[in-house]
Amino acid sequence: MFESGARAVAFALIAFALWRVLGGANSAGAQRVLGSSLARDLPSIESARTAALHVQIDAPPAPADRDALAAVAHAGTRVTWSGAAMPPLVAVATRERAPGAPVRISVASGTTVSLADGLASLDSVNATGAARGSTVDVGAPSGALSARSGAVVAGVGVPPAAPLHAVLIVGRAGWEGKFVAAALEEQGWTVEERLFIAPGADVLQGAITAIDTSHFSAIVAIDTVLGATGPAIARFVRAGGGLVLLADAANASAVRSIAPAGAGTRRAADSRAFDIANPVNAMAVYPLETLRSDAVRLTTRGSIVTSAARREGAGRVLQAAFDETWRWRMQGGADAVAAHRAWWSRMVSSVAATPMPAAGDNSSAESAPVARLVEALGPASAVEPPSSPARRLPVWLFPVLLVCLLAEWASRRLRGAQ
Amino acid sequence: MSDFTFCTAQYDSGDWDSAPLVPANLIDSVARYTSISVAPTGVTVPLGSTELFKYPLAYLTGHLPVRFSELERRNLREYCDRGGMLFVDDHNHDVDGVFHKSATEEIGRAVGPLKELPNSHALYSSFFKFEDGPPATTHELNGWGDNLVHKHLLAVLRGDRIAVLYSSKDYSSEWGYHPDNKRFLSIDNTKFGVNIIVYALTR
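Since the model is a prediction, treat every value here as computed from it, not as a measurement.

Undergrad: How do you make sense of the overall build of chain B when you look at a structure like this?
TA: Looking only at helices and strands, chain B features 6 helices and 7 strands. Moving toward the C terminus, one meets the helices and strands of chain B in the order β-α-β-β-α-β-α-β-α-β-β-α-α. Its C-alpha atoms give chain B a radius of gyration of 16 Å, near enough to 17 Å, the size a compact globule of 203 residues would have. In terms of overall dimensions, chain B has a C-alpha envelope of 45 × 45 × 30 Å along the principal axes. Each of the 203 residues in chain B was classed as buried or not, and the buried ones make up 47%. For chain B, contacts bridging at least 24 residues in sequence account for 77% of all contacts bridging at least 6.

Undergrad: Hey, could you run me through the sheet that holds strand 4 (residues 89–95) of chain A in this one?
TA: Sheet strands associate in pairs through backbone hydrogen bonding, adopting either a parallel or an antiparallel arrangement. Residue and element names in this part refer to chain A. Overall, antiparallel pairing links the 3 strands, which are arranged 4-5-8 in an open sheet. Whereas interior strands pair on both sides, the edge strands pair on one side only; in this sheet they are strand 4 and strand 8 (133–138). The average angle at which neighbouring strand axes cross in this sheet is 20 degrees, direction not considered. Alignment of strand 4 against strand 5 (residues 103–109), held across 7 bridges, turns out to be antiparallel. Bridging from a neighbouring strand, alanine 91 pairs with valine 107 of strand 5.

Undergrad: I would appreciate a short explanation of helix 1 (residues 22–33) of chain B in the present structure.
TA: Residues that lie three or four places apart on an α-helix share one face, since the helix turns once every 3.6 residues. Here helix 1 of chain B contains 12 residues, and its C-alpha end-to-end distance of 16 Å stays within 8% of the 16 Å for a straight helix at 1.5 Å per residue. Residues of helix 1 of chain B that are buried include every one of Val22, Asn25, Leu26, Ile27, Ser29 and Val30 of chain B, and no others.

Undergrad: Whenever I open this one, the interface of chain B and chain A confuses me. Can you help?
TA: Interfaces are often described in size by the accessible area the parts lose on coming together. If you look at the interface, chain B gives 19 residues, while chain A gives 24 residues. Tallied by class, the residues present in the side of chain B that touches chain A amount to 9 nonpolar, 7 polar and 3 charged.

Undergrad: Just checking my understanding: could you explain unusual backbone geometry for this structure?
TA: Among all residues save glycine, negative phi is the norm, and among peptide bonds the norm is trans. Residues and elements named next belong to chain A. Positive phi, normally seen in glycine, also occurs at threonine 290, with a value near 50 degrees. The topology assignment puts threonine 290 in the loop between strand 18 (288–289) and strand 19 (296–301). If you check the backbone angles, glutamate 324 has positive phi at about 55 degrees while not being a glycine. Relative to the helices and strands, glutamate 324 resides in the loop between strand 22 (322–323) and helix 6 (326–331).

Undergrad: Would you mind going over the pairing of strand 19 of chain A with me for this structure?
TA: Consecutive side chains of a regular strand alternate in pointing toward one face of the sheet and then the other. Strand direction decides the pairing type here: strand 19 of chain A and strand 20 (residues 304–312) of chain A, joined by 5 bridges, are antiparallel. Across the sheet, threonine 300 of chain A pairs through a bridge with valine 305 of chain A, a residue of strand 20 of chain A.

Undergrad: Can you help me understand the nonpolar core in this one?
TA: Counting residues in each nonpolar core, the largest one holds 126 residues, and the members touching the most others are Ala218, Val220, Ala221, Val244 and Val348 of chain A together with Val164 of chain B. Element by element, the count of residues in this core is highest for helix 6 (residues 191–202) of chain B, at 8 residues. Filtering out sequence-adjacent residues up to four positions away, valine 164 of chain B remains in contact with Cys80, Leu86, Val88, Ile107, Val111, Leu114, Ala155 and Val156 of chain B. If you look at the next biggest cluster of nonpolar residues, it comprises 28 residues, including Val55, Ile57, Leu145 and Val152 of chain A.

Conventions and cut-offs
- Residues numbered from 1 in each chain as written.
- Chains lettered and ligands numbered in written order.
- Predicted model: local features only at pLDDT ≥ 70, side-chain atom pairs only at ≥ 80, totals over all residues.
- Helix = DSSP H or I, 4+ residues; strand = E, 2+ residues; numbered from the N terminus.
- Rg over C-alpha atoms; globule rule 2.2 N^0.38 Å.
- Buried ≥ 20, exposed ≤ 12 C-beta atoms within 10 Å, placed from the backbone.
- Contact = placed C-beta atoms within 7 Å.
- Pairing = 2+ DSSP bridges.
- Axes fitted to C-alpha atoms, helices over the stretch in contact; angles between N-to-C directions.
- Expected span 1.5 Å × (residues − 1).
- Nonpolar A, V, L, I, M, F, W, Y, C, P; charged D, E, K, R; others polar.
- Core = buried A, V, L, I, M, F, W, Y, C linked by C-beta atoms within 7 Å.

Okay, here's the thing in structure tokens:
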């Protein structure tokens, strides 16, 4: 009877110890870890089911560690953090859909931010002004881009350079087609043309085969003469292609149903001078009339709408009222050639078909590490919770267990049992 | 879109107005063969004037020595840099005449050196096809003057575009007749003029 009782007590103590080690008895405590050792401690933290966990950090943890802490918090552990003041920082990169377009890095912070790529430092941005933000153009970054403000480092995901296809210009042969093609070619676009000269005699530049998004990024219609291209344009746009309708091109029957508006009666320019702050005022216009409900008004001249855009299927249509933009290039001021070129490239790039991002897109880069930390774990704790020692087995447990086992063994030996 | 207007460049030296019938004849041909909207009369614009920039194609000819003023030189360089095209034709049908010597020198100084334009250039197929390059003129063929057929035109290129097209073939004489008289020709000899205009309008 004594032996059975001692054995039972021993088994009960062993079971208690196991329960204590493996489970619930440990859940009442609080644990504190340092950010520098977080990666090493995380496996034990995840298995310990600590009631509260406080992380002391000097810099935002790695995304995987931060997400693991968030998972621990979701599992019931109260996770808090504190540390040195970390300036909020966000850095994102965009790339215009134009040939050779630079990577534009937009930075928002309250401090000075330094930018670097995989090779070297690129620039530093003073983002302490009223806007608390700034932009930097980087030609061709090499390797991973990052922005650093103190101990906070934000990765800058660079969108891949979209493979651009040709631009097709259609309309009557004339100065407008010539100079639109020149402007786009000088800006790096590949240009193909179908310009009407006489019945059955189009001037073709390039091997214009199929009008689809695998050949063309955008079509520029400079007037109402769309010729053989007309029937394919609406289908091209719905499939994701871009369309720029210049002057009265929106009145062409082939594109009227997808144009943002109708083109009204031609009005002369407000000014004869191109070298003014707004040179487009020196161009004649076909005012946009009866805008469709889904069209977005982009620019106006007084009460006249001069440009608008809308989506059609997967593509975009931009309508610009301006006529004879070539006069800007020929008759404008000293910077007119470059300005006209850039203006046309922006027009086309704003609608150009965008292929799916290529593999290697670094969009997973951590662009706002402090914001992501706060989003995952909440704001920093003002008061650190008291730490409690790690749960141990009661000191009496092992001696009592030993005594029980020895007593049971001694009892059996004394009565001669084997 | 405004009409295409044929522009004759007027320069201070020489006889810029030596071929007064050429503009009307080429305007007639453009209207006759194409659907390009063309102004019924041409204009004459001083080479040193900002008015020149309203007309991205200009025609210049003469018999006498050419000396551009500094203003004309600067204006011509700017005109070509912006995308304008100057068509120069030597109204003399001789070799190495005074117009040729002085005009090529002035063009070289203002815009750049003239080089031979390959006879496969897009200019020769921009509308009508001229598989052998620039068509010969009657002056070249009948031995009056140099008794020599100039096999190439000369040009100054900006990128792959012609900024200055230079002819020693005396098209100014060849095309200098009233348009009504085309009916007496078995082959209209102004067709190459249409090519020059179409090329300028599309390239």
